[in-house]
Amino acid sequence: MRRIDEIEQLKNELVSTVSHELKTPLATIKAYAATLRQNPELYAEKRDEYLKIVEEQADRLSRLIEDLLLVTRVEAGQLLRRRATVKLDTVLREAIAEIHFDKDRHPITCETDSVSISGDPDRLRDLFRNLIENAIKYSPNGGAIAVRAQSDNGNTRIEITDSGIGIAAEDLPYIFERFFRVESETTSTVGGSGLGLYIVSAIVRAHGGTIEARSEPERGTTFLIVLPNKT
Ligand code: ADP
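Residues numbered from 1 in each chain as written. Predicted model: local features only at pLDDT ≥ 70, side-chain atom pairs only at ≥ 80, totals over all residues. Heavy atoms only, no water.

A.B. asks: Help me understand helix 4 (residues 121-137), please; the structure alone is not making it clear to me.
C.D. replies: The periodicity of an α-helix, 3.6 residues per turn, causes residues three or four positions apart to be oriented the same way. Spanning 17 residues, helix 4 covers 24 Å between terminal C-alpha atoms, matching the ideal 24 Å at 1.5 Å per step. Within helix 4, 15 of the 17 residues are buried, which leaves it mostly tucked inside the rest of the structure. Where helix 4 begins, the side chain of Asp 120 points an oxygen toward the backbone nitrogen of Asp 122, at a separation of 2.9 Å. (Helix = DSSP H or I, 4+ residues; strand = E, 2+ residues; numbered from the N terminus. Expected span 1.5 Å × (residues − 1). Buried < 20%, exposed > 50% of the residue type's maximum accessible area, 1.4 Å probe, protein only. Polar contact = N/O pair within 3.5 Å; in protein donor to acceptor, adjacent residues only side chain to side chain.)

A.B. asks: Whenever I open this one, the packing of helix 4 against helix 6 (residues 196-206) confuses me. Can you help?
C.D. replies: A pair of packed helices is characterised by two quantities: the angle between their axes and the separation of those axes. Orientation of helix 4 relative to helix 6, taken along the N-to-C sense of each, is 140°, at an axis distance of 9 Å. Classified by the angle their axes make, helix 4 and helix 6 are oblique. Judged by the twist between their axes, the crossing of helix 4 over helix 6 is left-handed. Residues Arg 123, Asp 126, Leu 127, Asn 130, Leu 131 and Asn 134 of helix 4 form the contact with helix 6, whose participating residues are Gly 196, Leu 197, Val 200, Ile 203 and Val 204. Counted by class, the contact of helix 4 with helix 6 contains 6 nonpolar, 3 polar and 2 charged residues. (Axes fitted to C-alpha atoms, helices over the stretch in contact; angles between N-to-C directions. Parallel < 35°, antiparallel > 145°, perpendicular 65-115°, else oblique. Left-handed = near helix turned anticlockwise from the far one by under 90°. Contact = heavy atoms within 4.5 Å. Nonpolar A, V, L, I, M, F, W, Y, C, P; charged D, E, K, R; others polar.)

A.B. asks: Hey, could you run me through the pairing of strand 4 (residues 145-152) in this one?
C.D. replies: For a regular strand, the rule is simple: side chains alternate between the two faces of the sheet. Pairing of strand 2 (residues 108-112) with strand 4 involves 5 bridges; the strand directions are parallel. Note that in strand 4 the partner of Glu 111 across the bridge is Arg 148. Where strand 4 hands over to strand 5 (residues 155-161), the hairpin turn is made up of 2 residues, of which Asn 153 adopts a positive phi near 50°. (Pairing = 2+ DSSP bridges.)

A.B. asks: Looking at this model, I keep getting lost on the site of the ligand. Mind explaining?
C.D. replies: The environment of the ligand is formed by 21 residues, the closest being Asn 134, Tyr 138, Asp 162, Arg 181 and Leu 197. Side-chain polar atom of Asp 162 to a nitrogen atom of the ligand: 2.9 Å apart, as the coordinates give it. Contact between the ligand and Leu 197: an oxygen atom at 2.8 Å from a main-chain N or O atom of the residue. Here the ligand has 540 Å² of accessible area as a free molecule, and 98% of this is covered by the chains. Among the elements of the structure, helix 4, helix 6 and strand 7 (220-228) are those that each provide at least two residues to the shell around the ligand. (Near = heavy atom within 4 Å. Areas by Shrake-Rupley, 256 points an atom, 1.4 Å probe, with all protein chains shown as cover.)

A.B. asks: Looking at this model, I keep getting lost on the packing of helix 1 (residues 3-38) against helix 2 (residues 43-75). Mind explaining?
C.D. replies: Contact pair helix 1 / helix 2: the axes reach a minimum separation of 9 Å and the direction vectors enclose 170°. As judged from the angle between their axes, helix 1 and helix 2 are roughly antiparallel. Taken together, the residues that form the contact of helix 1 with helix 2 break down as 19 nonpolar, 4 polar and 5 charged.

A.B. asks: Would you explain the side chain of Asp 126 in this entry?
C.D. replies: Relative to the helices and strands, Asp 126 resides in helix 4. Accessibility expressed as a relative area gives 7% for Asp 126, which makes it buried. For Asp 126, the side chain forms a polar contact with the side chain of Arg 123, separated by 2.8 Å.

A.B. asks: Explanation requested: the side chain of Arg 123 in the structure shown.
C.D. replies: Tracing the backbone shows Arg 123 in helix 4. In this structure the side chain of Arg 123 is engaged in a polar contact, spanning 3.5 Å, whose partner is the backbone oxygen of Leu 79. For Arg 123, the contacting residues outside a window of four places in its chain are Leu 70, Arg 73, Leu 79, Leu 80, Ile 203 and His 207.

A.B. asks: Looking at this structure, how should I read the sheet that holds strand 6 (residues 210-216)?
C.D. replies: Remark on secondary structure: sheet strands pair via backbone hydrogen bonds, oriented parallel or antiparallel. Taken in spatial order, the 5 strands of this open sheet run 2-4-5-7-6, and their pairing is mixed. Single-partner strands in this sheet number two, and they are strand 2 and strand 6. The average angle at which neighbouring strand axes cross in this sheet is 10°, direction not considered. Sheet topology places strand 5 next to strand 7; 7 bridges connect them, and they run antiparallel.

The structure is reproduced here in structure tokens:
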């Protein structure tokens with residue numbers, strides 16, 4: 001495809017995804033704010049519950065905007081901004097701290113070797129946050145999430161495993177493509193732009209690593225990342 005056609009296609013895809021993905025959280029925020037304002041009798045009882053929903057939907061909007069900015073950087077070849085020595089356990093802890101989730105429904109365990117990676121700390125945090133957020137999002141009935149990292153022969157293998165809805169074999173080859181989403185009741189309920197794994201795989205590649213997914217529908221999914229250690 002010609003570069004100009006590629007850009008046109010990206011623009012069209014962005015406009016349709018963005019308008020759809022913006023509308024849902026905005027409509028929810030508006031509805032809950034209006035309900036509270038118009039029904040003062042609900043204020044005492046429902047305020048916390050409704051404001052929590054408003055906050056979650058606002059988070060969803062800011063994630064979408066961040067993802068769009070990152071996609072623009074992937075396309076421009078400017079994904080990495082700085083390089084530093086990044087301690088894996090620190091970056092994992094920071095990524096988890098950025099996620100709002102119910103720790104009782106989705107207990108996360110981390111077993112990591114003490115290892116450092118040379119990379120962009122912000123992008124590495126984005127990488128792990130995205131994968132752990134997906135693990136939570138696609139485990140609607142709850143379930144543990146395990147992060148394991150082992151280092152040998154100059155590489156670190158990081159596995160992120162959930163026990164969620166899984167991904168059918170016929171969908172697996174496409175999950176890292178821009179805008180790809182599996183069509184199912186759960187995926188349409190939880191929403192998403194289909195940009196997360198595209199950004200994730202671009203971040204892994206930019207750090208000289210590889211990523212793959214293994215999954216069994218109804219049983220769960222494991223993402224396996226191999227990144228070179230800092231030399
Ligand atoms: P989205 O914004 O839809 O979450 P992603 O690019 O992060 O986009 O993921 C692409 C698709 O891959 C998702 O829509 C979902 O169908 C599937 N997927 C990603 N992670 C998981 C997971 N941990 N378990 C089940 N399905 C997943």
